[in-house]
Amino acid sequence: MHCDTLWTNARLATMAGQEGGLGLVEDGLIAAREGLIVYAGPAADAPAFTATTQTDCDGRWITPGLIDCHTHLVFGGNRSGEFEMRLAGASYEDIARADGGIVSTMKATRAASEDELVAAARPRLDALIAEGVTTIEIKSGYGLDLESEVALLRAARRLGAARGVRVTTTFLGAHALPPEYTGDADGYIDLVCDQMLPRVAEEGLADAVDAFCEGIGFSLEQTARVFEAAARHSLPVKLHAEQLSNLHGAALAARHGALSADHLEHLDKAGIAAMAQSGTVATLLPGAFYFCRETKLPPVEALRVAGVPIALATDCNPGTSPLTSLLLTLNMGATLFRLTVPECLAAVTRNAARALGLAHRVGTLAPGKACDLAIWDIERPADLVYRMGFNPLHARIWSGK
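About the cut-offs
- Residues numbered from 1 in each chain as written.
- Predicted model: local features only at pLDDT ≥ 70, side-chain atom pairs only at ≥ 80, totals over all residues.
- Heavy atoms only, no water.
- Helix = DSSP H or I, 4+ residues; strand = E, 2+ residues; numbered from the N terminus.
- Rg over C-alpha atoms; globule rule 2.2 N^0.38 Å.
- Buried < 20%, exposed > 50% of the residue type's maximum accessible area, 1.4 Å probe, protein only.
- Contact = heavy atoms within 4.5 Å.
- Areas by Shrake-Rupley, 256 points an atom, 1.4 Å probe, with all protein chains shown as cover.
- Lys, Arg positive; Asp, Glu negative; His and termini not counted.
- Charge placed at Lys NZ, Arg CZ, Asp CG, Glu CD.
- Core = buried A, V, L, I, M, F, W, Y, C linked by side-chain atoms within 4.5 Å.
- Expected span 1.5 Å × (residues − 1).
- Pairing = 2+ DSSP bridges.
- Axes fitted to C-alpha atoms, helices over the stretch in contact; angles between N-to-C directions.

I keep staring at the overall build of the protein and nothing clicks. Help me out?
Of the regular secondary structure elements, the protein holds 15 helices and 15 strands. Over its C-alpha atoms the protein spans a radius of gyration of 21 Å, differing by no more than 12% from the 21 Å that the globule rule assigns to 401 residues. Along the longest, intermediate and shortest principal axes, the C-alpha atoms of the protein span 70 × 40 × 40 Å. Going through the 401 residues of the protein one by one, you find that 58% of them count as buried. In the protein, 71% of the contacts between residues at least 6 apart in sequence involve partners at least 24 apart. With the model as given, the accessible surface of the protein reaches about 15,300 Å², and the carbon-plus-sulfur share is 51%. For the protein, the centre of its 34 positive side-chain charges and the centre of its 47 negative side-chain charges are spaced 2 Å apart.

Just checking my understanding: could you explain the environment of Tyr188 for this structure?
Along the chain, Tyr188 falls in helix α6 (residues 185-202). With 30 residues separating them along the chain, Tyr188 and Arg158 place their C-alpha atoms 28 Å apart. In contact with Tyr188, not counting residues within four places along its chain, are Leu144, Gly173, Ala176, Leu177, Pro178, Tyr181, Met196 and Phe218.

How should I be thinking about the nonpolar core in this particular structure?
Nonpolar side chains in soluble globular proteins tend to end up buried together. Formed by 98 residues in total, the largest nonpolar core has its most connected members in Ile136, Phe171, Leu264, Met275 and Leu330. Looking at this core, the element that brings in the most residues is α6, giving eight residues. Ala10, Ala40, Cys371 and Ile375 belong to the second-largest nonpolar core, a separate cluster that totals 15 residues.

How should I be thinking about the environment of Ala370 in this particular structure?
For Ala370, the location among the structural elements is in the loop between α14 (350-355) and β14 (373-376). A C-alpha to C-alpha distance of 8.8 Å links Ala370 and Ala32, two positions 338 residues apart in sequence. If sequence neighbours within four positions are ignored, Ala370 has contacts with Gly35, Leu36, Ile37, Arg166, Arg361 and Val362.

Would you mind showing me how to read helix α7 (residues 220-232) here?
Since the α-helix advances by 3.6 residues per turn, residues separated by three or four positions end up pointing in the same direction. The end-to-end C-alpha distance of α7 is 19 Å, a good match for the 18 Å that 13 residues give at a rise of 1.5 Å each. Along α7, the positions that sit buried rather than exposed are Gln222, Thr223, Ala224, Val226, Phe227, Ala229 and Ala230. On its buried side, α7 packs onto β8 (166-174), α6, β9 (208-211), β10 (238-241) and α8 (249-255).

Teacher, can you tell me more about the sheet that holds strand β7 (residues 133-139) here?
Two pairing modes exist for strands in a sheet, parallel and antiparallel, and in both the strands are linked by backbone hydrogen bonds. Strands sit in the order β6-β7-β8-β9 across an open sheet of four strands; the sheet is parallel. In the strand order of this sheet, the two ends are held by β6 (66-68) and β9, each with one partner. Pairwise comparison of adjacent strand axes, ignoring direction, gives a mean angle of 20° for this sheet. The pairing of β6 with β7 spans three bridges and is classified as parallel.

Shown next as structure tokens:
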């Protein structure tokens, strides 16, 4: 059997193991043709392959390419000044209500051209790619008017085309209330549902729709309106839910078949049960938890018991998680949230793929999946979670190249 590329003499963490295991293979082989995996498993069980290119991995470990399934990577400006305010005692809500927070970034984003947005985001994306990220979600949500939101999503698409990385885009028009709609949140939601979403859908700029359901964001009823508009345009939904309080957004998201509900520090038993029934992924964001010095932990054990899949992501954003390291996110998931090594690695591979609706394409080393690989100079997979500030990536393969 002929293939384009063979990787031999490798140890594999296929992430396709039974009952959530790592799917470890000590003497493994991966074969790819036309950007897809045709075999990933023990060398002893492999067909007789011939290959145009063959790489001896010298015993290195191979995992699926990593997936960062929640980012706000494209934005204008800088909010280090707000970081100083937070160090001096200001809360997230204090900053937001003083025209800081998301609205501050909105002003800088509206003032930037699309080219400037791409140029500013490129180093952040490159930092993640350098750690083996092959798929990344990028949200809008810092324009908060029609043309600026469209520009953010176009910039995200351009980044994917320019950098050899799979970018999924999420329309987050319902992120915050822009100043021109002060006192008229329902009017702004009208704009999101009746003008922004149809335009975004018509131009094919979004793969999903998100909202910020929170006391300083949007109500349960307003969020439901956004979800209903998304359904009219056949777009899946996800939700920023239960980060600062419990508005029961996760249960609402689950009722709408959401791909994921994210943050979840204040998630309750009813929300967990709803997510378990719908298959909605719990995306945890330890970077924001750490950066905001939160103390309310997400209910990890209850999520485990209920069988809710858990993903981890950087939440890269200028205000509450200026984090561009998915490897550090793994360590934070273990140290702050007490996730195990298998849970952490699943959280940035197969479960992250599920959170993006891409489980059929990426997230495990299996025939028919995209040949997205991360090849590591490590002794064991636990090293990826254990180390801090160290990048052991040897090579990154995206779509077989």
